[in-house]
Amino acid sequence: AQRVTQPEKLLSVFKGAPVELKCNYSYSGSPELFWYVQYSRQRLQLLLRHISRESIKGFTADLNKGETSFHLKKPFAQEEDSAMYYCALSRSSGSARQLTFGSGTQLTVLP
Amino acid sequence: DAEITQSPRHKITETGRQVTLACHQTWNHNNMFWYRQDLGHGLRLIHYSYGVQDTNKGEVSDGYSVSRSNTEDLPLTLESAASSQTSVYFCASSESSGAGDTQYFGPGTRLTVL
């Protein structure tokens, strides 16, 4: 069965410090991984997906199949990065794909 | 602009009552999903649909039902609300475009069952 683990429920860093949100997964197939973000009073939205290999708002995430990880990183955190972050694993289910979410990490960037 | 909306945004109800949460999307997406969001559990899938007349159970479907009579709407019904169903409910949709479909989320409905 697929599983996504985010070991940190809460994470606080100071503005300008590096930040890393951890995500580990278990899945027998070829994984497709995402990071979704929910800012205060806003809806959940896609931040980035590993197949795009892109940097969004300064965040990057590399899929490490050996360690089954997809950690989210940013070299210099900003106060506006404070939000709830969810790691998600996409898997095939019939004709479409489903997402399995981790339990989320609440990031607070302190001034 | 295409969007996905949910109503009501807040709902307070009593144990045992039937409650229906609405979800409407104008993306013309085939796939629609209902999740509940609880502290410590993240988002858990309740029900999903891959098209009109198609519905499927998710991870936490007990006590919930859905129906899909058109592309735009997937209402979620709590047959007999229980306090354990107090949660924030999110609807999402995605298109059937192959691997790695992005899901688009509604604003959420905060449901309190007293």
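It should be emphasised that the depicted structure is a prediction, and the values quoted were computed from it without experimental measurement.

Q: Just to check I follow, could you spell out the state of the cysteines for this structure?
A: Each disulfide consists of one covalent bond between the sulfur atoms belonging to two cysteines. Residues and elements named next belong to chain B. Tallied over the full model, the rule gives two disulfides over all chains. A sulfur-sulfur separation of 1.8 Å characterises the disulfide bridge that pairs Cys 23 with Cys 91. A torsion of -70° about the S-S bond marks the disulfide between Cys 23 and Cys 91 as left-handed. Of this pair, Cys 23 sits in strand E3 (residues 19-25) while Cys 91 is found in strand E9 (residues 87-94), placing the two residues 68 residues apart along the sequence. A residue is classified by how much of its surface remains accessible, and Cys 91, at 0% relative accessible area, is buried.

Q: Would you mind going over the environment of Pro 31 of chain A with me for this structure?
A: All names here are of chain A. If you trace the backbone, Pro 31 turns up in the loop between strand E4 (24-26) and strand E5 (32-38). Sequence separation between Pro 31 and Gln 42 is 11 residues, and the spatial gap between their C-alpha atoms is 28 Å. The contact partners of Pro 31, leaving out residues within four places of it in the chain, are Tyr 25, His 50, Leu 63, Lys 65 and Leu 89.

Q: For this particular structure, what's the right way to read the nonpolar core?
A: Generally speaking, soluble globular proteins have nonpolar side chains that are buried together. All names here are of chain A. One finds Trp 35, Leu 72 and Tyr 85 to be the most contacted residues of the largest nonpolar core, which totals 24 residues. When residues of this core are traced back to their parent elements, those giving at least two are strand E2 (10-14), strand E3 (19-21), E5, strand E6 (45-49), strand E9 (83-93) and strand E11 (105-110). Examining the composition of this core, we find that four residues originate from one element, E9, more than from any other. Leave out the neighbours within four places in its chain, and Tyr 85 touches Gln 6, Leu 21, Trp 35, Tyr 36, Val 37, Leu 47, Phe 59, Leu 72, Gly 104, Thr 105 and Leu 107.

Q: Is there a simple way to think about the sheet that holds E3 of chain B in this case?
A: For sheets, the rule is that strands pair by backbone hydrogen bonds, running either parallel or antiparallel. Residues and elements named next belong to chain B. Spatial ordering of the open sheet is given by E1-E3-E8-E7, a layout of four strands whose pairing is antiparallel. Across the chains shown, the open sheet's two edge strands, defined by having one partner strand only, are strand E1 (4-7) and strand E7 (64-66). Strand-to-strand twist of the sheet, defined as the mean angle between neighbouring strand axes without regard to direction, takes the value 20°. Where E1 and E3 come together, four bridges link them in antiparallel fashion.

Q: I keep staring at the environment of Leu 45 of chain B and nothing clicks. Help me out?
A: Summarising the element assignment, Leu 45 of chain B is placed in strand E5 (residues 42-51). On the accessibility criterion, Leu 45 of chain B (7% relative accessible area) is buried. Sequence-wise, Leu 45 of chain B and Val 19 of chain B are 26 residues apart; in three dimensions their C-alpha atoms are separated by 18 Å. Leave out the neighbours within four places in its chain, and Leu 45 of chain B touches Gln 98 of chain A together with Phe 33, Trp 34, Tyr 35, Gly 58, Glu 59 and Val 60 of chain B.

Q: Could you clarify how one ought to interpret the sheet that holds E3 of chain A in this entry?
A: All names here are of chain A. Taken in spatial order, the three strands make up an open sheet running E3-E8-E7, and their pairing is antiparallel. Both outer strands of the open sheet, E3 and strand E7 (60-61), are each paired with one neighbouring strand and no more. Of the pairings in the sheet, the one linking E3 to strand E8 (residues 72-74) comprises three bridges and is antiparallel in character. Along E8, the bridge assignment pairs Val 19 with Lys 74.

Cut-offs used in this document
- Residues numbered from 1 in each chain as written.
- Chains lettered and ligands numbered in written order.
- Predicted model: local features only at pLDDT ≥ 70, side-chain atom pairs only at ≥ 80, totals over all residues.
- Heavy atoms only, no water.
- Disulfide = S-S within 2.5 Å.
- Helix = DSSP H or I, 4+ residues; strand = E, 2+ residues; numbered from the N terminus.
- Buried < 20%, exposed > 50% of the residue type's maximum accessible area, 1.4 Å probe, protein only.
- Contact = heavy atoms within 4.5 Å.
- Core = buried A, V, L, I, M, F, W, Y, C linked by side-chain atoms within 4.5 Å.
- Pairing = 2+ DSSP bridges.
- Axes fitted to C-alpha atoms, helices over the stretch in contact; angles between N-to-C directions.

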